[in-house]
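Topology and contacts: notes
Residues per chain are reported as follows:
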Amino acid sequence: MVAIIMSAELPNLRPPHCSTQENCKEASASQLWVLYIALLLTALGIGGIRPCVVTFAADQFDMSKAKREARVWNLFNWYYFCMGLAGLIALTLVVYVQDHVGWGWGLGIPTIAMGVSVVAFVVGSPLYMKVKPEGSPLVRLAQVFVAAVRKRKEVAPMDHGLLYENRELDAVISLNGRLLHTNQLKWFDRAAIVTNDGTTDSSSPNPWKLATVHRVEELKSIIRILPIWASGILVFTAFSHQHSFTVQQARTMDRHLSPSSSFQIPPASLTIFSVLTLTLGLALYERLFVPFARKFTKNPMGITYLQRIGVGLVANILSTSVSALVESKRKLAASDHNLLDKPSAVIPISVFWMVPQFCLHGLAEVFMTVGILEFLYDQSAESMRSIAVALSSLSVSIGNYLGTFMVTLVHKYTAKESNWVPDRNLNRGRLEYYYWFVSGIQIVNLVYYVVCAWIYVPKTLEEVTERSNEGGLEVRVGNVSSNKPLDDARVNQEIV
């Protein structure tokens, strides 16, 4: 952030001011390099913060299923609620400062806020619950795969109880409970087959030759969540258009608050309606929707996260469809006033016609974005939650790149007749066709998601907790029951 401020303020790091906006001097190669390096550092910082901040916050609470269901609040809802508030401040206060005071202070405010956050984090560090890292999860995944390949000719036993287990070895990576064997992706069970080559003679066998059931299930859990995760990529592909085409559309529409008002809404500020819907929607979801849905579903969380993702996918399809209808209306107004060949003219149609699509976009985020984050956290292995949550950010990146790729292809193959997304005159384009095209793809994606959600098998977890009244241990087995007690412990088993 400091480098970006320097790039915006120091005369040597930016091109000279150009008031006429004509024949302006371009930035030099060195000036661009400073900007690109600053943006790269920002991207690296965001990539390090976002996947870890959610899991670190969750580490401060008891995130077992029973405790989460007993709470009247949802950590993931509140996380995105705070993100929404930050977005509102950025789109209002910070943008106002940038336009009326200068880029130095406009960029300086978030930089100062970031510095305060770092100080607060360091000062409060002794109070946090910190989980000690125990090796790279990616290495463990590779070890399971290599062990399975090495024993690819072995036949897995019919009784999965004969597969290799080692509580002591898995203790540091399963503080909240071990993953139990599942009947999916059985090929990887070969990694846990005990052979007669002496690999189990020591307490710590070679992990490249023999893996425990827990470690095999870590790999299985990541593989199982990938199809559900992939369904969210197209959602972010549609989201990416809310920051490009909508700005071009808004520039051609009447942006006054009222006929008598001189104030015009900046085209790029329309996203504030999406952020407002997200912020208000999360509060209403937490306080109204969950208690209401709980009466019918008997689910303490109102609806499951898979159902929540599905609702978000539907809302996003509606958002893109409404975008197509609004574009058709905008072009019809341009045609009625003979403005089709005047791309810079203001068409007499209010920009507020675009508000519903932004509100539906925000509603889709309330359900889908938060739902998939909760799904990735809950269904990943305990030691792989940061990696799983990082998949959420990765889907945003892939979705934006895919959106750019789709626009490039559509622009290329529709240019001969009637370009759907023209470079200059949007009035002569067929942007509504592109929106319908994206809507159709999302409908196919919704069918794909429903199939994946229907066949999805949740992870099975053996949670071990202390019993305060008897001083013993309690085993809670999620999704399936287990008749296998812990060694040297009095066990009470129940289905959660």
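All values derive from a computational prediction rather than experimental measurement. (Residues numbered from 1 in each chain as written. Predicted model: local features only at pLDDT ≥ 70, side-chain atom pairs only at ≥ 80, totals over all residues. Heavy atoms only, no water.)

1. Topic: helix α6 (residues 137-150)
For α6, with 14 residues, the first-to-last C-alpha span of 20 Å sits near the 20 Å given by 1.5 Å per residue. Burial in α6 covers these residues: Pro137, Arg140, Leu141, Gln143, Val144, Ala147 and Ala148. Down the axis of α6, the buried set is contained in an arc of 160°. They therefore lie on one face. Exposed residues on α6 whose side chains face more than 90 degrees from its buried face are Leu138 and Arg150. Each element contacted by the buried residues of α6 is listed here: α8 (213-230) and α14 (385-413). Of the residues flanking the start of α6, the one acting as N-cap is Ser136, its side-chain oxygen 3.3 Å from the backbone nitrogen of Leu138. (Helix = DSSP H or I, 4+ residues; strand = E, 2+ residues; numbered from the N terminus. Expected span 1.5 Å × (residues − 1). Buried < 20%, exposed > 50% of the residue type's maximum accessible area, 1.4 Å probe, protein only. Arc of directions from axis to C-beta. Contact = heavy atoms within 4.5 Å. Polar contact = N/O pair within 3.5 Å; in protein donor to acceptor, adjacent residues only side chain to side chain.)

2. Things to note about helix α9 (residues 233-240)
Counting buried positions over the eight residues of α9 gives eight, a clear majority of the element. Within α9 the residues assigned to the buried category are Ile233, Leu234, Val235, Phe236, Thr237, Ala238, Phe239 and Ser240. Contacts from the buried residues of α9 go to α8, α12 (305-336), α13 (355-379), α14 and α15 (431-455).

3. Examining the environment of Ser380
Here Ser380 lies in the loop between α13 and α14. What makes Ser380 buried here is its relative accessible area of 0%. Taking the C-alpha atoms as reference, Ser380 lies 7.7 Å from Ile225; in sequence the two are 155 residues apart. In contact with Ser380, other than residues within four places in its own chain, are Ser221, Arg385, Ala388 and Lys459. Within the structure, the side chain of Ser380 is placed 3.3 Å from the backbone oxygen of Tyr377, a separation counted as a polar contact.

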